[in-house]
Amino acid sequence: MRRDASFALVGDVGGTNARFAVADLQGARPSIVLTGAALGKDHESLAAAADAFLASAGLAALPATATIAVAGPVADGAARLTNAPWDASEAELMELGFTRARLVNDFEALATGVADLAPEDSVAIGPQVEGLTRAPVVIA
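Residues numbered from 1 in each chain as written. Predicted model: local features only at pLDDT ≥ 70, side-chain atom pairs only at ≥ 80, totals over all residues. Heavy atoms only, no water.

Caption draft 1: Focus on the overall build of the protein. Looking only at helices and strands, one finds three helices and eight strands in the protein. When the helices and strands of the protein are listed from N to C terminus, the series reads β-β-β-α-β-β-β-β-α-β-α. Expressed as lengths along the three principal axes of its C-alpha atoms, the size of the protein is roughly 50 × 35 × 25 Å. Within the protein, buried positions represent 33% of all 140 residues. Partitioning the contacts of the protein with sequence separation of at least 6, the portion at a separation of at least 24 is 57%. On the protein, the mean spot of the 9 positive side-chain charges and the mean spot of the 17 negative ones are 1 Å from each other. (Helix = DSSP H or I, 4+ residues; strand = E, 2+ residues; numbered from the N terminus. Buried < 20%, exposed > 50% of the residue type's maximum accessible area, 1.4 Å probe, protein only. Contact = heavy atoms within 4.5 Å. Lys, Arg positive; Asp, Glu negative; His and termini not counted. Charge placed at Lys NZ, Arg CZ, Asp CG, Glu CD.)

As structure tokens, this is what we get:
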């Protein structure tokens, strides 16, 4: 099946669940066009869970790239999930046919995304203080 560079597989993989989505990369901001989840115990690896999600998605073309946030440290393109029996690697994802694959720590993914949130995506939990445009943020 052909790959479409306009779409990416994105995911959030923890100890119990593997959540996946297909993101449309066209336009000013990426948008989610398809979501799904699997129990980690139902698959032997992260790559197997991702492959099962894509196989069940019924897409005309598969996403060209993949970025997966994992619950565990990532070093040299590989991760051992903290609360799951999986080892994961970018190389293993590339074997599924992606042109580019990236694993990131889940906290890194959250922190990176904060800057892209719109005002309606956040809730103030303290007083509004003028002039603190670069103040710390909390992700919950």
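Caption draft 2: Representation of the packing of aromatic side chains within the structure. According to the stated counting rule, one finds one aromatic pair in the structure shown. For the ring pair Phe-20 and Phe-53, a centre distance of 5.6 Å and an interplane angle of 25° mean the geometry is stacked. Taken as a pair, Phe-20 in strand S2 (residues 17-24) and Phe-53 in helix H1 (residues 46-57) lie far apart in primary sequence, 33 residues in all. With respect to burial, Phe-20 and Phe-53 carry one shared label: buried. Above the plane of the ring of Phe-98 lies Arg-3, whose end atom (NZ or CZ) is 4.7 Å from the centre. (Phe/Tyr/Trp six-rings, centres within 6.5 Å; stacked < 30°, edge-to-face > 60°. Lys NZ or Arg CZ within 6 Å of the ring centre and 35° of its normal.)

Caption draft 3: A look at the pattern of salt bridges. Scanning the model with the defined rule gives two salt bridges in all. Asp-87 is the salt-bridge partner of Arg-80, the closest N and O atoms lying 2.9 Å from each other. Judged by its relative accessible area of 48%, Asp-87 is partly exposed. The shortest N-O distance in the salt bridge between Arg-102 and Glu-108 comes to 3.4 Å. (Salt bridge = Lys/Arg side-chain N within 4 Å of Asp/Glu carboxyl O.)

Caption draft 4: Structural detail: the sheet that holds S2. The sheet built from five strands is open, its strands ordered S3-S2-S1-S4-S8 with mixed pairing. The open sheet has two edge strands, strand S3 (31-39) and strand S8 (100-105), and neither has a second partner. This sheet shows a mean twist of 20° between the axes of neighbouring strands, independent of strand direction. Seen against the sheet, helix H3 (residues 106-114) touches strand S1 (3-13), strand S4 (62-70) and S8 and runs at an angle of roughly 95° to S8. (Pairing = 2+ DSSP bridges. Axes fitted to C-alpha atoms, helices over the stretch in contact; angles between N-to-C directions.)

Caption draft 5: Quick look at the side chain of Ser-89. Assignment of secondary structure puts Ser-89 in strand S7 (residues 87-89). Within polar-contact distance, the side chain of Ser-89 engages the backbone nitrogen of Glu-92 at 2.9 Å. Residue contacts for Ser-89: discarding those within four places in its chain leaves Gly-77, Ala-78 and Leu-103. (Polar contact = N/O pair within 3.5 Å; in protein donor to acceptor, adjacent residues only side chain to side chain.)

Caption draft 6: Representation of the nonpolar core within the structure. Counting 24 residues, the largest nonpolar core has Leu-9, Phe-20, Leu-46 and Ile-68 as the members making the most contacts within it. Only S1, S2, H1, S4 and S8 provide two or more residues apiece to this core. Sequence-distant contacts of Phe-20, defined by excluding residues within four places in its chain, comprise Leu-9, Val-10, Gly-11, Leu-34, Thr-35, Gly-36, Leu-46, Ala-49, Ala-50, Phe-53 and Ile-68. (Core = buried A, V, L, I, M, F, W, Y, C linked by side-chain atoms within 4.5 Å.)

Structural measurements only, silent on function.
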